[in-house]
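Here are the chains, one letter per residue:
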Amino acid sequence: MPLLPVIPPQPVPVYSGFDYVTVDAQRRRVYAAHSGSRALLIVDADSGKVLGQVRVGPLHGVAVDPANGHVFTGDGDAKTVSEVDPVALKVLRTADVGGIVDAIAYDPGNGHIYADEDDGTRIFVVDARSFTSAGTVALPGHKPEYLAVDPATHVVYQNISDLNEFVIVDGSSLKVTKTVPTPELTANHPLQYDPVLRHVLVGGTNGALSVYDPSGKLLARGTMQEHVDQCDLDPKRHMLACAGGGEVTLLRDSAGSPPSVIARYQAPRGVHTLGVDAPTGHVWIVWASADPSAPGDFVQALVASP
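Figured I'd write up the structure that's included with this text. (Residues numbered from 1 in each chain as written. Predicted model: local features only at pLDDT ≥ 70, side-chain atom pairs only at ≥ 80, totals over all residues. Heavy atoms only, no water.)

### Description of the sheet that holds strand β8 (residues 71-75)
- The strand order across the open sheet formed by four strands is β7-β8-β9-β10, and the pairing between neighbours is antiparallel. Since the sheet does not close on itself, it has two edges, and those belong to β7 (62-64) and β10 (90-96), each with one partner. Across the sheet, the axes of successive neighbouring strands diverge by a mean angle of 30°, strand direction being ignored.
- Note: strand β9 (residues 80-85) against β10, six bridges, orientation antiparallel. Bridging from a neighbouring strand, Val84 pairs with Val91 of β10. (Pairing = 2+ DSSP bridges. Helix = DSSP H or I, 4+ residues; strand = E, 2+ residues; numbered from the N terminus. Axes fitted to C-alpha atoms, helices over the stretch in contact; angles between N-to-C directions.)

### Considerations on the layout of surface pockets
- A volume near 990 Å³ is recorded for the largest pocket.
- Listed by contribution, the elements that provide at least two residues to the lining of the largest pocket are β3 (21-24), β7, β11 (101-107), β15 (144-149), β19 (191-194) and β23 (228-234).
- Per-class residue counts for the lining of the largest pocket are 22 nonpolar, five polar and four charged.
- In this structure, the second largest pocket occupies an estimated 160 Å³ of space. (1 Å grid on protein atoms, 1.4 Å probe; cavity = no way out; pocket = protein on both sides within 12 Å on 5 of 7 lines; lining within 4 Å. Points joined across faces, edges and corners; volume = space filled by probe spheres on them. Nonpolar A, V, L, I, M, F, W, Y, C, P; charged D, E, K, R; others polar.)

### Focus on the nonpolar core
- Grouped together as the largest cluster of nonpolar side chains are 40 residues, with contacts concentrated most on Tyr114, Tyr157, Phe166, Leu191 and Val200.
- Counting 18 residues, the second-largest nonpolar core is a separate cluster that includes Leu3, Val248, Ala263 and Phe298. (Core = buried A, V, L, I, M, F, W, Y, C linked by side-chain atoms within 4.5 Å. Buried < 20%, exposed > 50% of the residue type's maximum accessible area, 1.4 Å probe, protein only.)

### Thoughts on the environment of Ala187
- Tracing the sequence through the fold places Ala187 in the loop between β18 (175-181) and β19.
- With residues up to four places along the chain from it excluded, the contact list for Ala187 reads Ser161, Asn164, Gly204 and Thr205. (Contact = heavy atoms within 4.5 Å.)

This is the structure in structure tokens:
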């Protein structure tokens, strides 16, 4: 099954490159960390039109508050976490965290913003109500990558790339309760949690994909493209979209068999992050092109075609 473009590539002002992408399906917005331009990119999820950018400083992760649609990002210069109003196009509040933030996840159940430290040893935790520090999680290793939250238990799962493992963090005590070795993976980067199947999906740059239960028990092993960076889960369809290694792939997760690739797309050079719009199944990609014939930054939606 191929993945096909829904719309032509939409140009984004200022050549600079991107990091993480997320989608607010309720408000029909796509958000991307436009890293080099130090801005949060805002795109209409139906038309693909660029709606604006908000200067927040050098950023990597993005997460959405489902209650009000505000977006949480990091500022690598100020070493803060920011709250952005994407309608007013301005930063509302910032919280000092004392380190450079990489990936961000938000748990609306306990109001915690989890922001892992770029090439560091901590997860910074910010209370979204008061916008002050709620504590810090001490991590093993020196390279946390992606993280995800179980909305039912408020447990946080955090990849530790340099040690080929992930850790399980209690969302109340903010302590690591278990370390799960993943020797089958190399430099594990993407991590997603399926709240219906209760699967922790972890991928490595060696093209291996593993499925664990919430306690850290290995359930299944599959394959994906090599050099994968970011993945995003469509919990409605149990589809995992992944970017990296020159490809975008769709994998189907299930309770009875290992995840398998069901769709592929030969991506433009530079595509390494993406976000899934669950209502439509569209996969949003972003990239920077230095090709003299078509230079610039772009955003585009893909969809699986039977």
